Each structure stands twice: as structure tokens, then as C-alpha cells.
Amino acid sequence: MSLGVNLVVLWFALSAVQGAAGSPSKIAITHVTVIDVRAGTIRKDMTVLIVGDRISAVRAAKEKERLPAKEIEVIDGRGKYLIPGLWDMHAHSDGDDRALHLFIAYGITGIRDMAGDAAKLADARRRITSGELTGPRLVFSGPMLEGPPSQADDWTWIIHSPGEARNAIERLVELRVDFIKVHDGLARESYLAIAAASRERGISFVGHVPASMTPAEASDLDQKSIEHLEFVPKSCHALFDSVVSGASRNLPSGCDPQSLDELLYRFAHNGTWLDPTIQSFRYWAPTEWSAIFSEFRQLVPSIQQNHISILAGTDSSSVLEQKGDPPGTSLHDELALLVGAGFTPSEALRAATWNPALFLGLSDSLGTIEAGKTASMVLLEANPLEDIRNTERIVAVISEGRYLNREALERLRRENCRNCSAGSAH
């Protein structure tokens, strides 16, 4: 039986099963090169079939056979590369429609929102899920948990005691957040109470490492991810100082390469993830940027050798946008800087695709291009395994089955981006 006949049978069967819900959209991307992000390899001349919001098949294409045009919208993928949808694993969208439009416009089909008004974020997620709003899949923490002297607001709850910590976890669980975020200023007893209550309620916690704790202790207590460069002990942060890095360093014990390698080994043993958001430091600490990036590069070989899983995040926010870093574009910069720091293009790409799926417990439905998985993908003009900057060369985005071509993406950028051009990631 020919491929064309097989496809007709496949579509008939799928339509019969899903008939009660109406005819699903049907798309075939033909003769495309599929990137296997887990293996870091390519599969040439493939056809990817999409029905509704799912990938129904990934199979070898055949030049002489034709797909039934009346049944399927056919997208010619010759010379193109298909990757899973990208994730920004540290963003602050505030549930803002404009920011969410921009994430999709730059190929980011999922974000982990790391602090915000839970009600506003839940409403944004509802509208995205219903199709009312074009935006990425959204997982969020709601308000982050911080200690005094910070002030409370919609994004921040101030924790003064272990009792308040336990109550906060209960309230956040009731709000149906996806995880808990800890931040600076938490007293040791409050942090310990957060860790214990999160474990009891079966919800993960992530974030900063407050001064009352060490990164090793946070890892031992099952903090699932450590953000920014908080995985380096605060006593060692002088490593990132341009004055100190250029002189003879007289640092506290525990800051030498062997001690840091032992710490990273501990992270690996505990399954602690790192989300360095390295590109954000160009905006948060511009005068120290060179020293920060240089020291991060020194740590990368140990991260790789200890097989620590990393996530690609950006700290994207309205504040960073005001500093010149728009939502969406920053993830492509993050991937390029990860490669510049010593990660391979394949490792960087995994940090924004397969690793987020694993981290979020969604690897059965996201992170790779396989039959049965959610149809969230990005079609590129060139191979990102050869040059990671090729993730910027976006032809189309498929977001849970919805196909957005170049014109639609450029329109989203033009209408929503204040600090970037319409046709590129910069």
C-alpha cells in the first residue's frame, strides 16, 4: 500500500474517532529535516503529520507520492529543519498579553513563570488554553516567598516565621500553582519549613538560595532547581567581581576549583537542576559582565563532566525589557551564550526543549518530535546543531497544532515588540 493511500486511511480513521468533536485541523510538513534533540542528530527527508493538537506520525517521505490536498494542508519543508517548541524556563510575563504574544513570535511555545499574581497568570493560562489568546503553554509559581525587609506585593509574599511558611504553602496549593519559588531574605527556620511543607504536599520548590542556607544544603533538601548563579556559594561571589578576577584572588575556603567541583558533584547526585540565566547579567550587572561570563565559562567543564542538567532561562521581564532586552529574543541570546561558554549546540538546544519536558514531568507529551506528542514545534531555515544562532531563523511556529507562518509571526512582533525589529530575534 502506498504512502498516499496509507495517509487517506489514517485521516479517515482519525476523523471517525474525533468526529464528535468536529473535524480536527490536518497538516503535513513534508520533506523536512527533523532534529532529534535527545541524540543531537538529524533525520532527513521526513514527513510530520499533525491532526488537531497532536503529532499523529513522523515517517520517511517519498518524493513521487502525493498527499491528498483536500484532506491536509501540505507545508513544503525542503531545506528546512524542525525542532521541538522552545521553552524559557525563567520568565516573568505578568500574564501580559503583549509579552505572551512575543514569546510565541520567537518560537517559545512554553514558559515557566517564576513570580507573579496567581489569579492573573491563571486567567492568562485559561485564555491560552481556550484559544482566546495566542501565547505559550504557561506553568507558574504565583507569588514568590521572600523574607524581610522586602515588602509584600502581588508578586511577593513576605515570610516571617515557620508558621507563616507552612500557611503560605497551603494557600499556594489551593491556588493551584505548579511549583513554589523561594527568594532572598528567608530565615533558616522559614526555609526549612517551606522545604518540609512542600515535600508533604507533593509540590516542588525552586529559586534562589537565601543567605541563611548554602547551595549544598538547598540541594540536600530537594530544591529542584537553583536559578541564576545562586548555585555558587555567596562567600564565593567575589569570583564574579571584575576587580578581584583581575588580581591575585584571596577567597574564602570552598571557592577553589576542587571545592566547586565537589559541590557540582553533589548537585548531580541529588538531581539538582541549574538555570543560569547567564544573558540576564549583561543587563543586571553590565560593568561586571565580562568577569561573570569568564568565571561561568570556567565552571562549565565541571557542569558537563558531572552530567548536571541545565535549563535555558532568561529572567525576562518588563524591567529587563526597559533595559533593552525584549521578551522572546533573550532566549536565543541565552542559547548562544551557553554555546559561547562551552556547551555544545546540542546541549544548549536540549536545555530549551527536552530538558524542560523532563524537568516538568511532561516528557510523555513534549520535548521531542514523535507520534502522539503535542504538536508544538518550530520550523527553521537552517540547522541549529551546526550554528545555534539558527534558532533565530524562524519560518513558522506550530503551537499545540496551530500553524503560524512567517507573516503571522512578523505581525505579532511588529504589533507587540518595543525594542526589536519585526524580522529577526534582534
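Peer 1: Whenever I open this one, the overall build of the chain confuses me. Can you help?
Peer 2: For the chain, the helix and strand inventory stands at 15 helices and 17 strands. At a minimum sequence separation of 6, the contacts of the chain that also span at least 24 residues come to 68%. Carbon and sulfur atoms make up 49% of the accessible area of the chain, which totals about 17600 Å².

Peer 1: Explain the nonpolar core here, please?
Peer 2: Burial of nonpolar side chains together is a common tendency in soluble globular proteins. Leu145, Ile180, Phe231, Leu274, Ile278, Phe296 and Ile303 are the most contacted members of the largest nonpolar core, which has 104 residues in total. Considering every element that reaches this core, the biggest residue donor is helix H10 (residues 289–305), with 7 residues. Isoleucine 303 has contacts with Phe231, Leu264, Leu274, Phe296, Ile308, Ile310 and Phe343, leaving out every residue within four places of it along the chain. Formed by 18 residues, the second largest nonpolar core is a distinct cluster that contains Ile29, Met46, Ile75 and Ile369.

Peer 1: Would you explain the packing of aromatic side chains in this entry?
Peer 2: The relation between two aromatic rings is expressed through the spacing of the ring centres and the mutual angle of the planes. For the coordinates displayed, the defined rule picks out 3 aromatic pairs. Their ring planes at 75° and their centres at 5.8 Å tell us that tyrosine 191 and phenylalanine 205 sit as a pair that is edge-to-face. Remark: phenylalanine 205 occurs in strand E12 (residues 205–207) and tyrosine 191 occurs in helix H5 (residues 188–201); sequence separation between them is 14 residues. Pair check on accessibility: tyrosine 191 and phenylalanine 205 agree, each one buried. Aromatic pair tryptophan 273 and phenylalanine 359: ring centres 5.3 Å apart, planes at 80°, arrangement edge-to-face. Of this pair, tryptophan 273 sits in strand E14 (residues 273–275) while phenylalanine 359 is found in helix H14 (residues 354–359), placing the two residues 86 residues apart along the sequence.

Peer 1: Just to check I follow, could you spell out the pairing of strand E6 (residues 86–91) for this structure?
Peer 2: Sheet faces and side chains relate simply in a regular strand, where the side chains alternate between the two faces. Summarising burial for E6: 6 of the 6 residues are buried, a large majority. Relative to strand E7 (residues 108–113), E6 is paired through 4 bridges, and the arrangement is parallel. Paired with leucine 86 across the two strands is isoleucine 108, which belongs to E7.

Peer 1: What is the right way to read the state of the cysteines from this model?
Peer 2: Among covalent bonds in proteins, the disulfide is the one between the sulfur atoms of two cysteines. In the structure shown here, the tally under the stated rule is 1 disulfide. Note that cysteine 236 is cross-linked by a disulfide to cysteine 255, the S-S spacing being 2.0 Å. Between cysteine 236 and cysteine 255, the disulfide has an S-S torsion of -85° and is therefore left-handed. Separated by 19 residues along the polypeptide, cysteine 236 in the loop between strand E13 (225–227) and helix H7 (242–245) and cysteine 255 in the loop between H7 and helix H8 (257–270) bring together distant segments of the chain. Taking the relative accessible area as the measure of exposure, cysteine 236 reaches 0% and is therefore buried.

Here is what the cut-offs are and how they apply
- Residues numbered from 1 in each chain as written.
- Predicted model: local features only at pLDDT ≥ 70, side-chain atom pairs only at ≥ 80, totals over all residues.
- Heavy atoms only, no water.
- Helix = DSSP H or I, 4+ residues; strand = E, 2+ residues; numbered from the N terminus.
- Contact = heavy atoms within 4.5 Å.
- Areas by Shrake-Rupley, 256 points an atom, 1.4 Å probe, with all protein chains shown as cover.
- Core = buried A, V, L, I, M, F, W, Y, C linked by side-chain atoms within 4.5 Å.
- Buried < 20%, exposed > 50% of the residue type's maximum accessible area, 1.4 Å probe, protein only.
- Phe/Tyr/Trp six-rings, centres within 6.5 Å; stacked < 30°, edge-to-face > 60°.
- Pairing = 2+ DSSP bridges.
- Disulfide = S-S within 2.5 Å.

Nothing here speaks to function; it is all geometry.
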